[in-house]
Amino acid sequence: MVTTITSFGRSGTFDWLYQRATAVLLAVYTFFIVGFIFLSKDFGYESWSALFAQRWMRVFTLLALLSTIVHAWIGLWTVITDYITNRLMGAKATVLRLVMEVLLAAVAVFYTAWGIEILWGL
């Protein structure tokens, strides 16, 4: 079993489980939002604002945001480590892979902070 510090879980199995669990949560969130939009009689700013004024909805949205970050990190980390390899790109692959992981981590932190600021007004 190979583990690295840049993978999300302790092993590939945990990464797989995390990605599947986050996919389920994101699907539930998406179905809820789409259902709310189409089933609201007077969908507009007032109903949308009232929905997000409720604490449970902000928590649900925060969980969806964090699930998106985890899901994207695992997926992109897997793609990067599968396709940016020393065998395919030579010695520069390690540096390129590290730079891409740092950039992805920075984007993930930025989007998480921004989402929290939007949801909770911090």
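Just above sits the structure.
Residues numbered from 1 in each chain as written. Predicted model: local features only at pLDDT ≥ 70, side-chain atom pairs only at ≥ 80, totals over all residues. Heavy atoms only, no water.

Turning our attention to the overall build of the protein chain. Along the backbone of the protein chain there are five helices and zero strands. Mapped in sequence order, the helices and strands of the protein chain form the string α-α-α-α-α. Taken against the 2.2 N^0.38 rule, which gives 14 Å for 122 residues, the C-alpha radius of gyration of the protein chain at 18 Å runs more than 25% over that of a compact globule. C-alpha atoms of the protein chain, sized along the principal axes, occupy 60 × 30 × 20 Å. (Helix = DSSP H or I, 4+ residues; strand = E, 2+ residues; numbered from the N terminus. Rg over C-alpha atoms; globule rule 2.2 N^0.38 Å.)

Of all hydrophobic cores here, the largest spans seven residues; its members are Tyr29, Ile33, Phe36, Leu51, Met57, Phe60 and Ala64. Elements supplying a minimum of two residues to this core: helix H1 (12-39) and helix H3 (55-83). Leave out the neighbours within four places in its chain, and isoleucine 33 touches Trp48, Phe52 and Met57. (Core = buried A, V, L, I, M, F, W, Y, C linked by side-chain atoms within 4.5 Å. Buried < 20%, exposed > 50% of the residue type's maximum accessible area, 1.4 Å probe, protein only. Contact = heavy atoms within 4.5 Å.)

Another aspect to go through is the side chain of arginine 97. Secondary-structure assignment places arginine 97 in helix H5 (residues 92-120). Buried and unpaired, arginine 97 has no salt bridge, with glutamate 101 as the nearest side chain of opposite charge at 4.9 Å. Once residues lying within four places of it in the same chain are set aside, the contact partners of arginine 97 are Ile80, Thr81, Ile84 and Thr85. (Lys, Arg positive; Asp, Glu negative; His and termini not counted. Salt bridge = Lys/Arg side-chain N within 4 Å of Asp/Glu carboxyl O.)

Right, let's get into H1. The terminal C-alpha atoms of H1, which comprises 28 residues, lie 40 Å apart, in line with the 40 Å expected from a rise of 1.5 Å per residue. All of the buried residues along H1 are Asp15, Gln19, Thr22, Tyr29, Ile33 and Phe36. Looking at the packing, one finds that the buried side of H1 touches helix H2 (45-53) and H3. (Expected span 1.5 Å × (residues − 1).)

In this section: the packing of H1 against H3. Here H1 crosses H3 at 140°, and the two axes come no closer than 8 Å. By the criterion of interaxial angle, the relationship of H1 to H3 is oblique. For the element pair H1 and H3, the recorded crossing hand is left-handed. A class-by-class count of the residues in the contact of H1 with H3 yields 16 nonpolar, seven polar and one charged. (Axes fitted to C-alpha atoms, helices over the stretch in contact; angles between N-to-C directions. Parallel < 35°, antiparallel > 145°, perpendicular 65-115°, else oblique. Left-handed = near helix turned anticlockwise from the far one by under 90°. Nonpolar A, V, L, I, M, F, W, Y, C, P; charged D, E, K, R; others polar.)

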